[in-house]
Protein chains: 2
Amino acid sequence: MSGRLFVVGLGPGSPDQVTPEARAAVAEAKFFYGYKPYLDRLDLTPEQVRVASDNREELSRAEAALAKAAGSETVAVVSGGDPGVFAMAAAVCEAIEAGPAAWRDLDITIVPGVTAMLAVAARAGAPLGHDFCAISLSDNLKPWDVIEHRLTAAAAAGFVIALYNPISKARPWQLGRAFERLRAALPAGTPVIFGRAAGRPDERIETMTLAAADPERADMATCVIIGSAETRLIARGERPPLVYTPRSFVPASQ
Amino acid sequence: MSGRLFVVGLGPGSPDQVTPEARAAVAEAKFFYGYKPYLDRLDLTPEQVRVASDNREELSRAEAALAKAAGSETVAVVSGGDPGVFAMAAAVCEAIEAGPAAWRDLDITIVPGVTAMLAVAARAGAPLGHDFCAISLSDNLKPWDVIEHRLTAAAAAGFVIALYNPISKARPWQLGRAFERLRAALPAGTPVIFGRAAGRPDERIETMTLAAADPERADMATCVIIGSAETRLIARGERPPLVYTPRSFVPASQ
């Protein structure tokens, strides 16, 4: 079995945020599986082959890529951001566990990337400077009440919260409900960052308070970061404010 | 005021995981502030100046870098991994908030990087494939009981947990206590990954069960990832197992 599979993170979108390791994996592979907007970012030769699929077909995409690699090919599955964060690496693992034994013999390399919350945080300041969590707001793969419970638990414990997959046409109300939940647990002035397409020409980074947070400002390309009760803004005149969470935490009772 | 400050993430250690954006910022800056092992990674010209400081002097390092930039210089503060995750970006923001008004006028660019947990996760499989959190285990800047409470809350809510700063000479017992806490909340067989120096020549990635997790396996360069109750291993014969957390979550009661 000489097949090889790369699972590659292309970063948030800017070519300047693609690692040399990711670039080398793309140069080495012959077949590329992914959601079309990610495949469109690749600068391929005429010999390299794109196989595009829809963004809700992760498992069948992983299976197709593994089957191709098992035919002694060099294959890349591509993700935006980092492949291990709500992206293709887990889908590939699921497919391997359920698939033919031969898939376990494949040479598999997962290439990490800059995930969206890091790119958004960098544009805003340092909102993830203290303990934080990352939650996918999609209830396609877990019940909504589990998500609400996690939001409440995270806010109560003092975590900053990064929300992936905040909204889509099929999931229009979830982000608003999440904000409602969090308003019960956090101060009204808690900063909320809507980070869209960080590092790309169509980037839009907006900061508002939790009280004013408007789900309409998010789309599928947005990562939403909700501060903890400690998260602060530094006004800078005409420059956008810096949003950051201090490294230190002193409980209110002390 | 023409001073410029870059806060640059150099990634986990391999030059192949340094983004082109980080490389460009390093090429542009003249003065470099950081912990010496990170400064040692830079390939500088004779005109570029390193100012090394100890790893517990983040705030004074940030102040020195800001003061230098305010003298119309181009300055870089460097971090390993991503500067926004338990690293220099928050220290720079703290210094700006408390410092002279002129520091708010500086042109500040934060350059994200691949943070340790992503690099470790990629080497192990996809342990961060479901909701997860990142906790600094250092009790220098927050009380230990807050950390214990967050560990328990995170495990109970079903988050995978990435621990940064798990151990040091001055903090020898905290990781063992953290494992004790988590053993009360998670199955004995929960996978724990000790990821040291991911992507570097001295890389060491070890997976064991929570029951057997040995704090002695961690050092300052280690990121520890503790699975949720859902995290699984895929045996692969002579290859190391893949550790992953499924994207789906079905509560036990359903």
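Anything mentioned here points back to the structure above.
Please read these numbers as outputs of a predicted model, since none were measured by experiment.

Student: Let's hear about the environment of Leu5 of chain B: which residues, and what values?
Tutor: Residues and elements named next belong to chain B. Its place among the elements puts Leu5 in strand β1 (residues 4-9). Sequence-wise, Leu5 and Arg123 are 118 residues apart; in three dimensions their C-alpha atoms are separated by 33 Å. With residues near it in sequence (within four places) discarded, Leu5 still touches Ala65, Leu66, Ala69, Val75, Val77, Val92, Asp107, Ile108 and Thr109.

Student: Give a detailed account of the pattern of salt bridges, specifying residues and quantitative values.
Tutor: Where charged atoms of side chains with opposite charge meet at close range, the side chains can pair. Enumeration according to the criterion identifies 32 salt bridges over all chains in this entry. For Arg247 of chain B, the salt bridge identified is with Glu94 of chain A, shortest N-O distance 3.0 Å. Residue Arg247 of chain B is located in the segment after β13 (239-244), and its partner Glu94 of chain A is located in helix α4 (residues 88-98); the two belong to separate chains. For the pair formed by Arg247 of chain B and Glu94 of chain A, the shared burial category is buried. Residue Arg123 of chain A is joined to Glu203 of chain A by a salt bridge in which the shortest nitrogen-to-oxygen separation is 2.8 Å. Placement of Arg123 of chain A in helix α5 (residues 116-124) and of Glu203 of chain A in the loop between β9 (191-196) and β10 (204-209) is noted, with a sequence separation of 80 residues between them. One connected set of salt bridges, linked through shared partners, spans Arg196, Arg200, Asp202 and Asp219 of chain A.

Student: Now, about the nonpolar core: what can you tell me, with residues and values included?
Tutor: In this structure, Ile161 of chain A together with Ile161 of chain B are the most contacted members of the largest nonpolar core, which totals 54 residues. Those residues within four positions of Ile161 of chain B in sequence are excluded, and the remaining contacts are Cys133, Ile135, Leu151, Ala154, Ala155, Leu182, Val224, Ile225 and Ile226 of chain B. By size, the runner-up hydrophobic cluster in this structure holds 40 residues, among which are Leu118, Ala198 and Ile225 of chain A together with Ala119 of chain B.

Student: Can you explain the environment of Thr245 of chain B? Please cite residues and give values.
Tutor: Within the secondary structure, Thr245 of chain B is located in the segment after β13. Of the residues examined, Thr245 of chain B reaches a relative accessible area of 1% and is grouped as buried. Taking the C-alpha atoms as reference points, Thr245 of chain B and His130 of chain B, separated by 115 residues in sequence, lie 5.9 Å from one another. If we skip the residues at most four places from it in the chain, Thr245 of chain B touches Ala90 of chain A together with Ala126, Pro127, Gly129, His130, Val160, Ser228, Glu230 and Thr231 of chain B. At a separation of 2.6 Å, a polar atom in the side chain of Thr245 of chain B contacts the main-chain carbonyl oxygen of Pro127 of chain B. At a separation of 2.9 Å, a polar atom in the side chain of Thr245 of chain B contacts the side chain of Thr231 of chain B.

Cut-offs used in this document
Residues numbered from 1 in each chain as written. Chains lettered and ligands numbered in written order. Predicted model: local features only at pLDDT ≥ 70, side-chain atom pairs only at ≥ 80, totals over all residues. Heavy atoms only, no water. Helix = DSSP H or I, 4+ residues; strand = E, 2+ residues; numbered from the N terminus. Contact = heavy atoms within 4.5 Å. Salt bridge = Lys/Arg side-chain N within 4 Å of Asp/Glu carboxyl O. Buried < 20%, exposed > 50% of the residue type's maximum accessible area, 1.4 Å probe, protein only. Core = buried A, V, L, I, M, F, W, Y, C linked by side-chain atoms within 4.5 Å. Polar contact = N/O pair within 3.5 Å; in protein donor to acceptor, adjacent residues only side chain to side chain.

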